[in-house]
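Residue-level structural notes
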Amino acid sequence: MSNEGYEPGKVKVKNNAYKFEGAFHHIERNQPILNEKGDLVGVTNPRNMTYVHTYGGEAVFFENLSKGKIIASRCDNKDCTAFGSIFMPFRIHCPDCLSRNTHVDITDIAKTTSRVHTFMITERTGAFNTLPKPIKFVNVEFEGVVTILMGPMLFGRPEIGMKVVPIFRTKDPTYTILDLGWVPKGTKESDLPEFYTFDA
Ligand SMILES: [Zn+2]
C-alpha cells in the first residue's frame, strides 16, 4: 500500500458534490514472467487505484471515533416491535421497521459495561491486513444494547466474560474502524499502542 512515486488522487466537496483532484489510477512498470527454460509465459500487470468510500449516514460513527466517542443508533418508532432497541454496530435504519434510527452516545456504557462475549485468534489474514498478528478479535457485549460488536483486542489476551474498555486512535486518526480497539479493563495508558488513548 505504498504511495511512493506518485501522488494519490484527492476528493473535496464543493456545492454539496464530490470534486476529484489528481489521478486515481496509476499503472506501474510490468515484469515478464519466464518459465524455467527462460521462455516468456506472461507478464505481471501492477496497477494502483484509489478507492473512494462514501460513508453516508454512517459518517457520524466514524467521525466520533476520532474524538473518543462511540455513537450507536436506536429505533424510536413506538409502533415497531424493536422500539427502544439500541444497535451497535451503528445502523442507519431499524432492521425491523426501516425507519431512520436516532443517534445515541454509548461511550460511557461501553467504558463501564463492556464484556467479551466470545473471541477468535487468527494468524491468517486477508490482503492489506493492518492489524498486529496474531489478530485477537473480540465480540463485545454492552448492557442495554441488543447487538454485539466485533473488534480487535490491542493489548493482553481475551477471555470469555472479561471486562474490556474501548480505546481510540485519537492521535493521527484513520477515520475508519481501525480507530476503535479494545483492551482489558485496568490496562495502563502506557501499555496502549501508539496513537491510541482512552479519551480524546
Ligand atoms: Zn423499528
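Everything that follows concerns the structure shown earlier in this document.
Side note on the overall build of the chain
- Of the regular secondary structure elements, the chain holds 2 helices and 14 strands.
- A globule of 200 residues ought to have a C-alpha radius of gyration of about 16 Å, yet the chain, at 21 Å, is considerably larger.
- Its C-alpha atoms give the chain principal-axis dimensions of about 70 × 45 × 30 Å.
- In the chain, the proportion of contacts linking residues at least 24 apart, taken out of those at least 6 apart, comes to 49%.

Brief notes about the sheet that holds strand β8 (residues 86-87)
- One open sheet accounts for 3 strands, arranged β8-β7-β9; its pairing is antiparallel. Across the chains shown, the open sheet's two edge strands, defined by having one partner strand only, are β8 and β9 (102-105).

Quick notes on the nonpolar core
- Grouped together as the largest cluster of nonpolar side chains are 24 residues, with contacts concentrated most on Ala 72, Met 88, Ile 106, Val 140 and Trp 182.
- Secondary-structure elements contributing two or more residues to this core are α1 (59-65), β8, β11 (135-141), β13 (164-168) and β14 (180-184).
- If sequence neighbours within four positions are ignored, Trp 182 has contacts with Val 138, Val 140, Gly 151, Pro 152, Met 153, Leu 154, Val 164, Pro 166 and Ile 167.

Side note on the sheet that holds strand β12 (residues 149-152)
- Reading across the sheet, the 3 strands line up as β10-β11-β12 and stay open at both edges, with antiparallel pairing between neighbours. Edge positions in the sheet fall to β10 (115-122) and β12, since each of these pairs with one other strand and no more. Adjacent strand axes in the sheet meet at a mean angle of 25 degrees, parallel and antiparallel pairs treated alike.

Observations regarding the environment of Thr 197
- Position of Thr 197 among the secondary structure elements: in the segment after β14.
- Judged by the 13 C-beta atoms lying within 10 Å of it, Thr 197 falls in the partly exposed class.
- In sequence terms Thr 197 and Arg 169 are 28 residues apart; their C-alpha atoms lie 6.4 Å from each other.
- Apart from residues lying up to four places away in sequence, Thr 197 is in contact with Gly 68, Ile 167, Phe 168, Thr 170, Lys 171 and Leu 192.

Digging into the environment of Ala 110
- Tracing the backbone through its elements, the reader meets Ala 110 in helix α2 (residues 107-113).
- Under the C-beta neighbour-count criterion, Ala 110 is labelled buried, with 23 such atoms within 10 Å.
- Ala 110 has contacts with Ile 70, Phe 142 and Pro 166, leaving out every residue within four places of it along the chain.

Structural notes on the environment of Lys 185
- The topology assignment puts Lys 185 in the segment after β14.
- Through-space distance from the C-alpha of Lys 185 to that of Ala 59 is 28 Å; in sequence the pair is 126 residues apart.
- With residues up to four places along the chain from it excluded, the contact list for Lys 185 reads Lys 163, Val 164 and Val 165.

Describing the pairing of β11
- Only one face of β11 is buried, namely the one carrying Lys 136, Val 138 and Val 140, since none of Ile 135, Phe 137, Asn 139 and Glu 141 on the opposite face is buried.
- Across 4 bridges, β11 lies against β12 in antiparallel orientation. Residue pairing across strands places Val 138 opposite Gly 151, the latter belonging to β12.

Quick notes on the rules
Residues numbered from 1 in each chain as written. Predicted model: local features only at pLDDT ≥ 70, side-chain atom pairs only at ≥ 80, totals over all residues. Helix = DSSP H or I, 4+ residues; strand = E, 2+ residues; numbered from the N terminus. Rg over C-alpha atoms; globule rule 2.2 N^0.38 Å. Contact = placed C-beta atoms within 7 Å. Pairing = 2+ DSSP bridges. Core = buried A, V, L, I, M, F, W, Y, C linked by C-beta atoms within 7 Å. Buried ≥ 20, exposed ≤ 12 C-beta atoms within 10 Å, placed from the backbone. Axes fitted to C-alpha atoms, helices over the stretch in contact; angles between N-to-C directions.

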